[in-house]
Amino acid sequence: MKQRMTWMILSIICLVAVAVPASAQVFTGRIDVTVKDGTGAVLPGVTVQLTGVQAENAVTDSRGEAHFLNLAPGRYTVTATLTGFNAYKNENVPVSAGSVVPLDVTLAVGNVSEEVSVTAETPVIEAKRTAVATNVTLEELQNIPSSRDPWVVLQTVPGVMVDRVNVGGAESGQQSNYKAKGAQVNQNTWNMDGVTITDMAALGSSPTYYDFDMFQEMQVTTGGADVTTATPGVQLNFVLRSGTNQWRGSGSYYFENDGLQSDNISDDLIGELASYNRVNSYFDTGFEGGGPLWKDKLWVWGAYGRTEPKLKIFSFDGTDFVQTAKDDTVLKNTSFKVSGDINPATRGNFTYFRGDKQKEGRGAAFDRPDETTYNQAGPTDLYKFEVNRTVGSSLFLTGRFGYTKNEFAFDPRGGQDTTAFRDDSNIWHGTFNNYSTERPQTNFNVEGNYFRGNHEFKAGLGWRGASVDSSVSWPGGMYSLHNGYPFIEATVVRPWALSGNGTYWNGYFSDTISLDRLTFNLGVRWDRSASSIKETTVPANPIDPLLPALEAPAVDDVVVWNTLSPRVGVSYALGADRKTLLRASYAMFASQLDSNFAASVASAIPYYSYVYWSGTDTNGNQRLDPSEFTTFQGTYGFDPDNPLAGNPNRVGDYKTPKTHELLFGAEREIFPGFGLSGTVTWRKYVDFNWLHFRDVTGSDYELAGVTSGSAPGVGSFEVPFYAVNPAAVPDDFGRVYEHRPGYSQRYLGYEIVANKRMSNRWMMRASWAGGTHREYFDGLDSMADPTPSIPGTSQFTLGSPNLDGGLVLEQTSGSGKSAIFLSQPKYQMVLTGAYQAGWGINTAVNYVMRQGYAAPYYNSSTPGSADDISGVDKTVLLVSDVDENRLPTVHSFDARISKNFRFDRASVDFDVDFFNLFNNGTTLGRQFDVAADNVNDIIEIMNPRIVRFGIRISFN
């Protein structure tokens, strides 16, 4: 007893003192076994054995309970034996990431040699689960037709909106942006086998791409009171496959090309369509497998995959569509895992993953022909170590270490010998900027669960460090923007370098109290995020002496966010069968901080420095050469009277952005394996910060004019715009990062979900969701410039139209997607399902229907709108109610028919997939800028129907 108590005390000390999280993420599941006899009395001392993906043994405690934690997702067999009782066996206990499977076992008095096999489904309702999450199982990943990347799976999650419609892999060469329940895109997180891998320099995005066949399961969390949930954004958890006691493996090959593709350009689109793309070819192949190196002791698993989506981009040249760019991508992924039992109480594993992306034509779109695109290269490597330790029957500990090495570069295909320009149709020409970056990160975390009586205590601590070194330069040191050619505005740019570092501590503690039908979850989470500046230098601009070389010294902890977040949840089981569950929870989330945020705001080297000139092109080369500069228009990002002073921006009084969330829900197990749930979510986003002009308030802005006229798509418009009083402009044009008073956002939404596990030859996941997300201002000072505007893609932009009660927008910045404006859809329907028809013939569907993207028409060149701060024309939103201006509803319907052949331990599936089965040409993007001479032209539609052939081979 003393030895056990000593172990427990030492373990808790280690948990509190040694720990360091990158926010622990739940990628495993667990089984809680309760054993009783025929009278309902609990049975201690029962031996419970678990076999399947993992093998473990436990003995029930004085409450008749045995707990199996940190289980890899999959199906398990549970047996229970006790002298004098019939043995119990259940061969179908499914475990998902984040699941807490309650398993009630009844042992009847009888012959010890007799075994009672149980075939009943385990419950689909989990009283201890507090997160709102969608688990996409291996069966669904493999059998539902999809474009085989995680962003496609995300669009099937209730409430999640993705900025791409990926038809048959046409968009698989580039990441998608996505958001849910009002959280900004930069609040999303990515996690692999419990290690957070989010790219902290491109906040909310993944550091790499993936081989689809390496996943055992994907879990997507969009809310809830779980203390391991770090931010209000979408939490994506990948679970890799692993080796077991039986050698098994699989391989796959998928193929499609232009000849398997239809044409969806209807007569209605002719005359409006400015650009579209087609699949040139698509290949996806790979293999994975593993097994025991030492049975019951040591297991190994590995995978390799290669995906090659290649596109052709077409633009209308005035008479016909011609190919103007290509977008060719090669994604190579390698993964390896070895795991083993160090002793009966200790298990460890090591994982290595490498994602390598090679791309020709990054950025290809209607406004980016081939010479303005990039060649991209750069691998990402991930190393992960984990140890799990069981102390007695009540304490479970886990420690993890992860290191991610991420670096890549964009090399302009137009070269470095010419300058870029954008014409009056907002089409770029010549070349583009070049970019390189290194983004390594390291994290540690430890966590533990302790069971005592009705209580389950959970605790975790951890640390994460993420740094970034990036540089950007424009060929020739400038670019030109046509403004009614031959009149041109030139932007002269200093080369830019950013070097920053982020450190992230967090910890959490919770208690789950089980009282018969009632379950309480009480917890608190602590997050401390700090962004620092590293020493760096940049060279001078070769054109303008106002942009000299600069040096930036290192500064630690420039911006620090420190937060305690309470979490409270309660659930109550109704009915004699306890198959109906009512839930309610409150959670507060702290936002995550960009690792390069401090360097972007307060480095002595400005985030960007511009000098604006205008003039007329006299030599006909479409550019404004320095010899043609005639009128000085102003500067941005520095004090023109003291150029060597560098960045005039400062850090003032700020707060940690927070989200308050209330959830109310109900769940019902309709019949074994089938559950129905409904959830209402209310959120309030508060304590926003902004980077705005120092000492300038809302009262300093005055009515400067009205932009009026008529344009296709928007009709007649008349919108006032404002300019700052020159007397209020700071002498150095400096900005300050500080709390934005009186500004908030609110979200109200719902989701209804039906989920049927694979049984009786069919499975299904269906949902209907919707919501609204709006912004609110307490007064003029929380708005500052009252000019309605579209959101930019800068991290300093809140992503809203600057209208009290207005629908919040967020413009995405993904490659080729600059015209997509995300706003919460009022309706979204998802249906995925599969049916085993017999004779080895299987069918499946994947249908997504949602409200179209926002259509915020704007004027980017409003004459007379320039003020003394920016020196350039304002971008004025022309639409009074963005929610009433939407693109058409999106319908994406994919179908599969396959034939399975079995040969002893081997299985072969021949798949035929039909993407965009009904060949919709739905408009996904238009030219919303009325200042462009191609205003309202369609610049993107859904890719046409395409057929993909595939073969899957597996053995076990």
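Higher on the page you've got the structure.
Residues numbered from 1 in each chain as written. Predicted model: local features only at pLDDT ≥ 70, side-chain atom pairs only at ≥ 80, totals over all residues. Heavy atoms only, no water.

Participant: Got a minute to help me understand the pattern of salt bridges in this structure?
Facilitator: Opposite charge on two side chains permits them to pair, given that their charged atoms come into close proximity. On inspection of all chains with the given rule, the structure shows 50 salt bridges. Here E447 and R400 are joined by a salt bridge, their closest N and O atoms 3.4 Å apart. With E447 in strand β26 (residues 441–452) and R400 in strand β22 (residues 395–412), the pair connects residues that are 47 residues apart, well separated along the chain. When its relative accessible area of 14% is taken as the criterion, E447 is described as buried. On the basis of relative accessibility, which here comes to 4%, the residue R400 falls in the buried class. By sharing partners, the salt bridges in this structure join R896, D909, D911, D913, R948 and R952 into a single network. (Salt bridge = Lys/Arg side-chain N within 4 Å of Asp/Glu carboxyl O. Helix = DSSP H or I, 4+ residues; strand = E, 2+ residues; numbered from the N terminus. Buried < 20%, exposed > 50% of the residue type's maximum accessible area, 1.4 Å probe, protein only.)

Participant: Just checking my understanding: could you explain the sheet that holds strand β41 (residues 689–693) for this structure?
Facilitator: In a beta sheet, neighbouring strands pair by backbone hydrogen bonds and run either parallel or antiparallel. A sheet is described by the order of its strands in space; here 3 strands give the open sequence β38-β44-β41, paired in mixed fashion. Edge positions in the sheet fall to β38 (650–651) and β41, since each of these pairs with one other strand and no more. (Pairing = 2+ DSSP bridges.)

Participant: Hey, could you run me through the sheet that holds strand β13 (residues 195–196) in this one?
Facilitator: Across the sheet, 5 strands lie side by side as β9-β14-β15-β12-β13; this open sheet has mixed pairing. Two strands in the sheet have a free side with no partner beyond their single neighbour: β9 (131–136) and β13. Inspection of the sheet shows strand β14 (residues 215–224) paired to strand β15 (residues 235–240) by 6 bridges, in the antiparallel sense. Among the inter-strand pairings, T221 is bridged to a residue of β15, identified as Q235.

Participant: Where do I start with the nonpolar core in this structure?
Facilitator: Side chains of nonpolar character tend, in soluble globular proteins, to be buried together. Of all hydrophobic cores here, the largest spans 42 residues; its most connected members are V165, V714, Y853, L878, F928 and V930. Listing elements by their share of this core, those giving two or more residues are β17 (275–294), β18 (298–316), β43 (715–724), β48 (821–822) and β52 (876–877). Residue contributions to this core peak at 3 residues, all from β43. Ranked by size, the runner-up nonpolar core spans 33 residues in total, among them F432, L593, F597 and Y737. (Core = buried A, V, L, I, M, F, W, Y, C linked by side-chain atoms within 4.5 Å.)

Participant: Which parts of the structure should I look at to understand the packing of aromatic side chains?
Facilitator: Centre distance and the angle of the planes are the two values used to describe a pair of aromatic rings. Summed over the entire model, instances satisfying the criterion amount to 52 aromatic pairs. A centroid spacing of 5.4 Å and a plane angle of 70° characterise the contact between W613 and F632, whose relative ring orientation is edge-to-face. Placement of W613 in strand β36 (residues 610–616) and of F632 in strand β37 (residues 629–636) is noted, with a sequence separation of 19 residues between them. For the pair F893 and F918, a centre-to-centre distance of 5.4 Å together with 50° between the ring planes defines the contact as tilted. (Phe/Tyr/Trp six-rings, centres within 6.5 Å; stacked < 30°, edge-to-face > 60°.)

Participant: Just to check I follow, could you spell out unusual backbone geometry for this structure?
Facilitator: Working note: non-glycine residues mostly have negative phi, and peptide bonds are mostly trans. With an omega dihedral of 20°, the bond running from Y485 to P486 counts as a cis peptide bond. Here P486 lies in the loop between β28 (478–482) and β29 (487–493). Of note in the backbone geometry, Q622 takes a positive phi value of approximately 75° without being a glycine.

Participant: Explain the pairing of strand β6 (residues 87–95) to me, please; I cannot follow it from the model alone.
Facilitator: Where a strand is regular, its side chains alternate between the two sheet faces. As defined by bridge partners, strand β5 (residues 74–81) adjoins β6 across 6 bridges and the pair is classed as antiparallel. Its bridge partner lying in β6, T79 is registered against K89. Hairpin remark: β5 followed by β6, antiparallel, with 5 residues in the connecting loop; positive phi at G84, about 95°.

So far we have only geometry, and geometry alone does not tell us how the molecule works.
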